[in-house]
Amino acid sequence: MYEGAVQDLIDELGRLPGVGPKSAQRIAFHLLAADAADVRRLADALLEVKARVRFCEVCGNVAESERCRVCLDPRRSDEVICVVEEPKDVVAIERTREFRGRYHVLGGAINPIENVGPDDLRIKELLGRLADGRVQEVILATDPNVEGEATATYLARLMVPMGVTVSRLASGLPVGGDLEYADEVTLGRAFEGRRVVGR
Amino acid sequence: MYISHLSLLDFRSYAAVDVELEPGPNAFVGRNGQGKTNLVEAIGYVATLGSHRVANDAPLVRAGAERAVVRTRIVRGDRASTVELEITPGRANRARINRGQLGRSRDVLGILRTVLFAPEDLSLVKGDPDGRRKLMDQLVVQLLPRAAGLLADYDRVIRQRSALLKSMRALRGPLSGVDMSTLEVWNAKAAQLGAQVLAMRLQVVQALRPEVAAAYDQVSESDGHAELAYRSSLETALSDAARPDDVAGSILPADPRAVPPSAEELERLLLDAMAAMRAQEVERGVSLVGPHRDDLVLVLGGLPAKGYASHGESWSFALALRLASYRLLGGSSPAGAMQESTALPTGLPTPLSTGSTTPRFWNDDFGTGAEPVLILDDVFAELDLRRRVRLAELVAPAGQVLITAAVPDDVPSGLMATRFDVVTGSVTRAA
Ligand SMILES: Nc1ncnc2c1ncn2[C@@H]1O[C@H](COP(=O)(O)OP(=O)(O)OP(=O)(O)O)[C@@H](O)[C@H]1O
Ligand SMILES: [Mg+2]
Ligand SMILES: [Zn+2]
């Protein structure tokens, strides 16, 4: 245990995802030794992101205004929605340049072990977007693991009876993994080869 | 295949050791606690990335050291490869294949194949179903390495589904529509993956049955009628639902040559069973149907071996299971020996191992030199003289068999041509 402020910093860093106690300590001492100006830039960036960035009220992606860049772009098609788990998946799919429709970010996947059920995801909002009949196809791009598959099945069962075409990314993605780890070519191919699960 | 070289650094009791091995039988002899099992444990680790004795890696690293290194040279046909494995507890192990970079350890799976029999295997007969499920699943993966992903996914689905059932139990009220449809999704996944696991297991068990019967008779010099049966949680669930006629004994057919049900059929049955068990599952907060609740029943002379068989019989059964696995994985046996004494309960005209038409998810042609290395840890001390001689005949034709013994006289001389003396962390080839 260190004294007051140092330990507070270590504790806060340790709460970040992917940062264990050892790394938290290493980062804390790195910051202690760094220039005051560098540390201020980091602190400003943290505050700035909290002040300026929020979630798009349509799709749940990160946004700097009420709507995100994708939702505001008039050149994109309103007929296709790609459903992903997290905003970082939007970035991964945008990199492929394969997709010209809109997104819907669920905010996770069905995961009973972590107490996440359908009601904890942005599913109602998704169904709301289908109401006016403009959306022709929904592409389910949840992660290629057990939880992502279960979520995709759950959504397909809800949406197929609504008369919309539902498709799932082709297999061939690294199994058991995260969408964001798939390289552009593989992900692009998974998009092209998506299969219809029901319409 | 055979191992031509083994070297260890800080593995178990060994600071550093180098051993040149021969094809055919190799015997490691030394008093208790000298490090014989440690040697074969290291070899098993290279094949399976796990120890047959401990579930975590810490005890594998020599007390006081930080990591252990196991290097092996494996000869298959006219090709040799080296595998170097670095074991660092608490961190991901790393491996180097030939002269490549240190990389992921799981890339070494499949390079060395072993079948290891150790005294711990007695728990296959006497212990919980868990060990027997592992035996079947390990065989499935050895026959089809990519099935490992399926097994891991199934395991994950069951843990998710059980967590959901537990949270439903905690609610203690009628289930909401959302809960019901979430459960149905997990049911669908559990049935889909569970059926594939089950179908593969059943095919493995069908293939194993005649081999086990033959191997048991050979090691025990009897007509013990060692049999395997598959006890499925599916059968129990559906007969509870008063549909016994649908399933009674149908999961694994009585005839060892009959074709077991397909994955599609099993998926349907699993869904039915989960529907029939819903109230019970929610009440208990546990997933009650599926291959994770099944058992491989070992039967000797019509009685379950567990609880009935004598110590010696249990021991022979455990050994027979490993010898049968060895055969299934492409291991050789003395010409005709396995075939001649095949004692199938129904008196079939030809043994299954040669004339089977049952579908198999694996390819029986493992390629040249694919025969696994057979490892017999402390086996001979448990056998009487006649059985020792029989076992020696049985394993003598193996491409390579590694034998450990505390008492040299226990091992028939035919297996002692290549002999190593193991004394407190040193291994020397006896003249
Ligand atoms: N991590 C370790 N560090 C140091 N020594 C160890 C370690 N693990 C095991 N040992 C020692 O290795 C010895 C056991 O070796 P091993 O199990 O190979 O014996 P063995 O020759 O097979 O004996 P037996 O004939 O009784 O089966 C024990 O003396 C044990 O203390
Ligand atoms: Mg031993
Ligand atoms: Zn948006």
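Residues numbered from 1 in each chain as written. Chains lettered and ligands numbered in written order. Predicted model: local features only at pLDDT ≥ 70, side-chain atom pairs only at ≥ 80, totals over all residues.

### Regarding the overall build of chain A
Put simply, the test is: Only runs of H or I of at least four residues qualify as helices and only runs of E of at least two qualify as strands under DSSP, and these elements are numbered from the N terminus. Partly exposed residues are those falling between the two cut-offs: more than 12 but fewer than 20 other C-beta atoms within 10 Å of their own, whereas 20 or more means buried and 12 or fewer means exposed, with C-beta atoms placed from the backbone. Note on contacts: residues are paired as contacts if their backbone-placed C-beta atoms lie within 7 Å.
Of regular secondary structure, chain A possesses eight helices and seven strands. Seen through its C-alpha atoms, chain A measures out along the principal axes to roughly 60 × 35 × 35 Å. Expressed as a percentage of its 199 residues, the buried residues of chain A come to 29%. Put simply, of all contacts in chain A between residues at least 6 apart along the chain, 57% involve residues at least 24 apart.

### Side note on the overall build of chain B
Rules: The size measure is the radius of gyration over C-alpha atoms, and the globule rule it meets is 2.2 Å times the number of residues to the 0.38 power.
Helix and strand counts for chain B stand at 13 helices and 15 strands. Whereas a compact globule of 431 residues would reach a radius of gyration of roughly 22 Å, chain B reaches 23 Å, a difference of no more than 12%. C-alpha extents for chain B along the principal axes are approximately 75 × 55 × 40 Å. For chain B, long-range pairs separated by at least 24 residues make up 72% of all intrachain contacts whose partners lie at least 6 apart in sequence.

### Section: the pairing of strand 5 (residues 137-140) of chain A
Residue and element names in this part refer to chain A. Put simply, the rule is: Two strands form a pair only when DSSP identifies at least two bridges running between them.
Here strand 3 (residues 80-84) pairs with strand 5 via four bridges, running parallel. By the bridge assignment for strand 5, Cys82 is matched with Ile139. The sheet contact formed by strand 5 and strand 6 (residues 165-168) spans four bridges and is parallel. Bridge pairing in strand 6 places Glu137 opposite Thr165.

### Regarding the interface of chain A and chain B
Here is the rule we go by: Classes in brief: Ala, Val, Leu, Ile, Met, Phe, Trp, Tyr, Cys and Pro nonpolar; Asp, Glu, Lys and Arg charged; the others, Gly included, polar.
Across the boundary between the two partners, chain A contributes 15 residues, which contact 17 residues of chain B. In terms of residue class, the side of chain A that touches chain B is built from eight nonpolar, four polar and three charged.

### So, the nonpolar core
Stated precisely, the cut-off is as follows: Core membership is restricted to buried Ala, Val, Leu, Ile, Met, Phe, Trp, Tyr and Cys residues, and these are joined into a nonpolar core through C-beta atoms within 7 Å.
Core analysis: the largest hydrophobic core is formed by 156 residues, its most contacted members being A:Val83, B:Val212, B:Phe317, B:Ala320 and B:Ile375. With 22 residues, the single largest contributor to this core is helix 5 (residues 177-220) of chain B. Residues contacting B:Ala320, with those up to four places away along its chain left out, are B:Val212, B:Ala215, B:Tyr216, B:Val219 and B:Ala226.

### What about the packing of helix 5 (residues 87-96) of chain A against helix 8 (residues 184-192) of chain A?
Each pair of packed helices can be summarised by the angle the axes make with each other and by the distance between the axes. All names here are of chain A. Basically, it comes down to this: Only the contacting stretch of a helix is used when fitting its axis, a line to C-alpha atoms as for every element, and angles between N-to-C directions run 0 to 180 degrees. Each angle is binned into one of four classes, with values under 35 degrees roughly parallel, values over 145 roughly antiparallel, values of 65 to 115 roughly perpendicular, and all other values oblique.
Interaxial distance between helix 5 and helix 8 falls to 8 Å at its minimum, and their mutual angle equals 85 degrees. Relative to helix 8, helix 5 is oriented roughly perpendicular. Within the contact between the two elements, helix 5 uses Ala92, Ile93, Arg95 and Thr96 and helix 8 uses Glu184, Leu187, Gly188 and Phe191. When the residues that make up the contact of helix 5 with helix 8 are grouped by side-chain class, the tally is four nonpolar, two polar and two charged.

### Details of the domain arrangement of chain A
To keep it simple, the criterion reads: Domain limits in this description derive from either an automatic procedure or a database domain assignment.
Taken domain by domain, chain A comprises domain 1 (4-52) and domain 2 (75-198). Computed over C-alpha atoms, the centres of domain 1 of chain A and domain 2 of chain A are 34 Å apart.

### Examining the confidence of the model for chain B
The line we're drawing: pLDDT measures how confident the predictor is about each residue, on a scale from 0 to 100.
Residues at a pLDDT of 70 or more form 91% of chain B, whose mean pLDDT is 89. The complex model carries a pTM of 0.86, and its ipTM stands at 0.82.

### Notes on helix 3 (residues 36-52) of chain A
For clarity, the cut-off: To estimate the expected span of a helix, subtract one from its residue number and multiply by 1.5 Å.
With 17 residues, helix 3 of chain A ought to run about 24 Å at 1.5 Å a step, and its terminal C-alpha atoms sit 24 Å apart, in line with that. Counting buried positions along helix 3 of chain A yields zero of 17 residues, so the element is predominantly exposed.

### As for the sheet that holds strand 3 of chain A
All names here are of chain A. With respect to topology, five strands assemble into an open sheet ordered 4-3-5-6-7, the strand pairing being mixed. Strand pairing shows two members of the sheet lacking a second neighbour, strand 4 (102-105) and strand 7 (195-198), which therefore form its edges. For this sheet the average axis-to-axis angle between neighbouring strands, irrespective of direction, equals 30 degrees. When strand 3 meets strand 4, the two strands line up parallel, connected through four bridges. The residue bridging Cys82 from the neighbouring strand is Tyr103, located in strand 4.

### Some details on the environment of B:Ala27
All names here are of chain B. Among the structural elements, Ala27 can be located in strand 3 (residues 24-29). The spacing of Ala27 and Asp377 is 350 residues in sequence and 10.0 Å in space, taken between C-alpha atoms. Apart from the residues lying within four places of it in its own chain, the contact partners of Ala27 are Ile403, Ala405, Val411, Leu415, Met416, Thr418, Arg419 and Phe420.

### Concerning the sheet that holds strand 9 (residues 226-231) of chain B
Residue and element names in this part refer to chain B. In space, the three strands of this open sheet follow the order 9-10-11, with antiparallel pairing throughout. At either end of the open sheet lies a strand with only one pairing partner, and these are strand 9 and strand 11 (303-304). By the bridge criterion, two bridges tie strand 10 (residues 295-300) to strand 11 in an arrangement that is antiparallel. Bridge assignment links Val299 to a residue of strand 11, and that residue is Pro304. Helix 5 contacts strand 9 and strand 10 of the sheet and is inclined by roughly 160 degrees relative to strand 9.

### Digging into unusual backbone geometry
Residue and element names in this part refer to chain B. In the Ramachandran plot, Leu49 falls in the positive-phi region, its phi being about 60 degrees despite a non-glycine side chain. As for its position among the elements, Leu49 is in the loop between helix 1 (36-48) and strand 4 (68-76). Looking at Leu49, the number of C-beta atoms within 10 Å reads 16, which means it is partly exposed. Phi at Thr424 takes a positive value of approximately 30 degrees, unusual for a residue other than glycine. In this structure, Thr424 sits in the loop between strand 14 (419-423) and strand 15 (426-429). The exposure class of Thr424 is exposed, given the 11 C-beta atoms found within 10 Å.

### So, the packing of helix 5 of chain B against helix 10 (residues 311-328) of chain B
Residues and elements named next belong to chain B. Operational definition: Here a crossing is called left-handed whenever its near helix is offset anticlockwise from the far helix by less than a right angle, and right-handed whenever the offset is clockwise.
Their axes nearest at 8 Å, the elements helix 5 and helix 10 cross at an angle of 130 degrees. For the element pair helix 5 / helix 10, the angle class is oblique. Crossing hand, helix 5 versus helix 10: right-handed. Of the residues in helix 10, those in contact with Ala207, Leu208, Glu211, Val212, Ala215, Tyr216, Val219 and Ser220 of helix 5 are Ser316, Phe317, Leu319, Ala320, Leu321, Leu323, Ala324, Arg327 and Leu328.

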